[in-house]
There are 2 protein chains.
Amino acid sequence: MKLDTQVWIEQLRAGDPRALSRAISTVENRADGWAELLKGLFPHSGHARILGLTGAPGSGKSTLVDQLAKHYRKENRTVGIIAVDPTSPYTGGAILGDRIRMQDHYSDPGIYIRSMATRGSLGGLARTTADVATVLDASGRDLVMIETVGVGQDEVDIVRLADITIVILVPGMGDDVQTIKAGIMEIADIFVINKSDREGAERVEREIRAMQSLATRSDNWTPPIVKTVASEGAGIKELAAAIAGYEAYLHKENLVLHRNIQNWQERIVEMLRDAMLEKAREQVGDGHLKTYAAEVAEHKRDPYSLVEEIIQRLGQG
Amino acid sequence: MKLDTQVWIEQLRAGDPRALSRAISTVENRADGWAELLKGLFPHSGHARILGLTGAPGSGKSTLVDQLAKHYRKENRTVGIIAVDPTSPYTGGAILGDRIRMQDHYSDPGIYIRSMATRGSLGGLARTTADVATVLDASGRDLVMIETVGVGQDEVDIVRLADITIVILVPGMGDDVQTIKAGIMEIADIFVINKSDREGAERVEREIRAMQSLATRSDNWTPPIVKTVASEGAGIKELAAAIAGYEAYLHKENLVLHRNIQNWQERIVEMLRDAMLEKAREQVGDGHLKTYAAEVAEHKRDPYSLVEEIIQRLGQG
């Protein structure tokens, strides 16, 4: 490893916030040296507990995450927050809300917040999020919380990489809420009914229970349901207790390593895919790609045969 | 091409619904012969107009799509509908609502509805959807409508592949609606405010206008806003007129081919990625993958170096 990468990693591990921010940017943007940095950081990772929190727009995720972070700070545990923002694939901009949140915690170096925007269409968001979590983990944070809007496959991928997945529901969502619930039932280790002072909280709870009675998890865990009113801090203690309860269960049943091995199988394949894609892009080149795309768009060529030809050429090259 | 694939394609193009269903299943599941089938169908595609419709859960997408389909049927145009269902990555089940919808149109062979579930974490959903659209296109449908819940990156990818993208909003969504709107502003060619008899429709319209004043599109098109109450069929005619208006604009400005070339650049790269992933998986093998994942999970090995090693070996193999 290069000497300056070593120095950088030492600064980051010593708690230098600028070294941390620079490392996250480098990893997020795949800037020069990102792979070497991650190789150097990886041996220091594996100590943080990774929480994934997901919920529909309007479910009060950010408020809940902030309250939970404050709770952990009272226990003297350090927290890193990655807010994955499903906004523009083009502008990729950080949202205003994020800055407001950062100010709120500004005086406390024990809370680090970073928002990540959805990148271009070639995905890798789940992978980048996981890599940023590795950086925060290696920096010595006790907890890393990943929050994301929970509807698309991307979000499912992101929260699946967490040790503990928390799904946030609210009373009174639209007609399609059944559809969402069906999708997240299987990834939730803990359910939160936020804004539970609203009408309909009991009904949401009954619906979760009804769906739970239909499916059993391979690990036999029955996800508890915690009711919160995050804006008032109500139920946060209970949520932290539920998280601790699931952690204890994971340890008792020896499931942590098992779950990690499963996650790494997926991550390794994703990493392979990204690396191979990069190789393919290099070999095809932007100019050729445009020509190919024009030929296909004009129906002079079918794309399925084209891709086969390119792959064959790569094998020989 | 094999003779039976040729016969199959002929049946499909002659309007045989079973040949069409079988072709879609084959493509969706990547079953034996899928690539050969698509190669054979591709030259027949390119005539359908592809509409992408996206909106948050509860925005009434399905009702709107159904009403629009009925409208086009009155004009004697045939319709294919692909409903992309962001439910379970595990069960991948078709939802009940889909069957109900199919029954509703059962008597009319001019409307074909197919729902697609979100597949496993390795994505390709956008690509599969595009391939299924190609099958429907080649079968001679005049219009192919792709409907999807519009929040995650996956959904953005899916609707971006359409010729015309319609974003559906409703009055009275949650706090995060600004976030969603920011994400879809750039992909919307037409906005629909559905359930526009609800309070707040004017406010949604003002918000769209305000955001439009901040950003200009590279093609200088200003997406119109159409108000509908899909459950009563109100505004559907106006929506069809807005779609026709954008089509006319695309033709006048000669943008159709330009847009298709751009889309194909992305699709070809995605196809390359999928093909290379398959190759990588074959070469690594399931058994090795588990061993690697265990080594990484136990922190005996860093995954970044591991992937580099595998790629290097692939190049030599």
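All values reported here derive from a predicted model rather than from experimental measurement.

(A) Local environment of the overall build of chain A. Helix and strand counts for chain A come out as 13 helices and seven strands. Here chain A, with 317 residues, has 49% of them falling under the buried criterion. Sequence separation of 24 or more characterises 75% of the internal contacts of chain A that already satisfy a separation of 6 or more.

(B) Seen up close, the confidence of the model for chain A. Residue and element names in this part refer to chain A. Looking at chain A as a whole, its pLDDT mean stands at 83, while 83% of the residues score no less than 70. In this model, residues 87-96 is a region of pLDDT below 50 whose contacts with residues beyond four sequence positions or in other chains number 26 contacts. Segment residues 175-179: pLDDT under 50, and eight contacts once partners within four positions in sequence are set aside and those in other chains are kept. This prediction of the complex comes with two scores: 0.66 for pTM and 0.79 for ipTM.

(C) Main features of the nonpolar core. Grouped together as the largest cluster of nonpolar side chains are 169 residues, with contacts concentrated most on M145 and I146 of chain A together with M145 and I146 of chain B. With nine residues, helix α11 (residues 255-284) of chain B is the largest single contributor of residues to this core. Residues within four places of M145 of chain B in sequence aside, it is in contact with L51, L53, V65, L68, A69, V79 and I81 of chain B.

(D) Expanded view of helix α2 (residues 17-28) of chain B. All names here are of chain B. With 12 residues, α2 ought to run about 16 Å at 1.5 Å a step, and its terminal C-alpha atoms sit 16 Å apart, in line with that. Residues of α2 that are buried: L20, A23, I24 and V27. The arc that holds the buried residues of α2, viewed along the axis, is 95 degrees, so those residues lie on one side.

(E) Geometry of the pairing of strand β5 (residues 164-169) of chain A. All names here are of chain A. With respect to burial, β5 is a largely interior element, six of its six residues being buried. Relative to β5, strand β1 (residues 49-55) runs parallel, the two sharing five bridges. By the bridge assignment, L51 is partnered in β5 with I164. By the bridge criterion, four bridges tie β5 to strand β6 (residues 190-193) in an arrangement that is parallel. Bridge pairing in β6 links I168 to V192.

(F) Fine view of helix α6 (residues 125-138) of chain A. All names here are of chain A. Taking 1.5 Å per residue as the helical rise, α6 with its 14 residues ought to reach 20 Å, and the 20 Å between its terminal C-alpha atoms agrees with that figure. The buried fraction of α6 amounts to 13 of the 14 residues, a majority that puts the element mostly inside the structure. The positive-phi residue at the C-terminal boundary of α6 is G140, with phi of around 100 degrees.

(G) Inspection of unusual backbone geometry at higher detail. All names here are of chain A. Despite not being glycine, K195 shows a phi value in the positive range, around 55 degrees. On the secondary structure map, K195 appears in the loop between β6 and α9 (201-214). Of note, the phi angle at N254 is positive, near 60 degrees, even though the residue is not glycine. Structurally, the position occupied by N254 is in the loop between α10 (236-252) and α11 (255-284). Exposure remark for N254: the 8 C-beta atoms within 10 Å place this residue in the exposed category.

(H) Representation of the environment of V65 of chain B. Residue and element names in this part refer to chain B. Structurally, V65 can be placed in helix α4 (residues 61-74). The exposure class assigned to V65 is buried, which follows from the 24 C-beta atoms found within 10 Å. Sequence-distant contacts of V65, that is, excluding residues within four places in its chain, are made with L53, I81, M145 and E147.

(I) Layout of the pairing of strand β1 (residues 49-55) of chain B. Residues and elements named next belong to chain B. Among the seven residues in β1, seven count as buried, and that is most of the element. Here β1 shows no split at all, with R49, L51, L53 and G55 on one side and I50, G52 and T54 on the other all buried. Sheet topology places β1 next to strand β4 (residues 143-149); seven bridges connect them, and they run parallel. Along β4, the bridge assignment pairs G55 with V149.

(J) Seen up close, the packing of helix α2 (residues 17-28) of chain A against α6 of chain A. Residues and elements named next belong to chain A. The contact between α2 and α6 brings their axes to 9 Å, and the two run at 160 degrees. Relative to α6, α2 is oriented roughly antiparallel. Of the two elements, α2 crosses α6, and the hand of that crossing is right-handed. Of the residues in α6, those in contact with A23, I24, V27 and E28 of α2 are T128, D131, V132 and V135. Here the residues of the contact of α2 with α6 sort into five nonpolar, one polar and two charged.

(K) Summary view of the environment of L277 of chain A. Tracing the backbone through its elements, the reader meets L277 of chain A in helix α11. Ignoring sequence-local partners within four residues, the contact set of L277 of chain A consists of L272, R273 and M276 of chain B.

Thresholds applied
Position labels on residues start from 1 in each chain and follow its written sequence. A letter from A marks each chain and a number from 1 marks each ligand, given out in the order of writing. Where totals are concerned, whole chains, interfaces and linings use all residues; where local detail is concerned, this predicted model gives features only for residues with pLDDT of at least 70, and gives and counts side-chain atom pairs only at 80 or more. Segments assigned H or I by DSSP are reported as helices when at least four residues long, segments assigned E as strands when at least two residues long, and all are numbered from the N terminus. Field definition: a residue is buried when 20 or more other C-beta atoms are found within 10 Å of its C-beta, exposed when 12 or fewer are, and partly exposed for counts in between, with C-beta atoms placed from the backbone. In this description, any two residues whose backbone-derived C-beta atoms lie within 7 Å of each other are considered to be in contact. Values of pLDDT, ranging from 0 to 100, describe the predictor's confidence in every residue of the model. As used here, a nonpolar core is made of buried Ala, Val, Leu, Ile, Met, Phe, Trp, Tyr and Cys residues. They are joined through C-beta atoms within 7 Å. What a helix should span is 1.5 Å times the count of its residues minus one. As used here, the arc is the angular range of directions from the helix axis to the C-beta atoms. At least two DSSP bridges between two strands are required for those strands to pair. A fitted line through C-alpha atoms represents every axis, and for helices the fit uses only the stretch in contact; the resulting angles, taken between N-to-C directions, go from 0 to 180 degrees. Each angle gets one of four labels, with under 35 degrees taken as roughly parallel, over 145 as roughly antiparallel, 65 to 115 as roughly perpendicular, and the rest as oblique. Crossing handedness follows the turn of the near helix against the far one: under a right angle anticlockwise gives a left-handed crossing, and clockwise gives a right-handed one. Classes in brief: Ala, Val, Leu, Ile, Met, Phe, Trp, Tyr, Cys and Pro nonpolar; Asp, Glu, Lys and Arg charged; the others, Gly included, polar.

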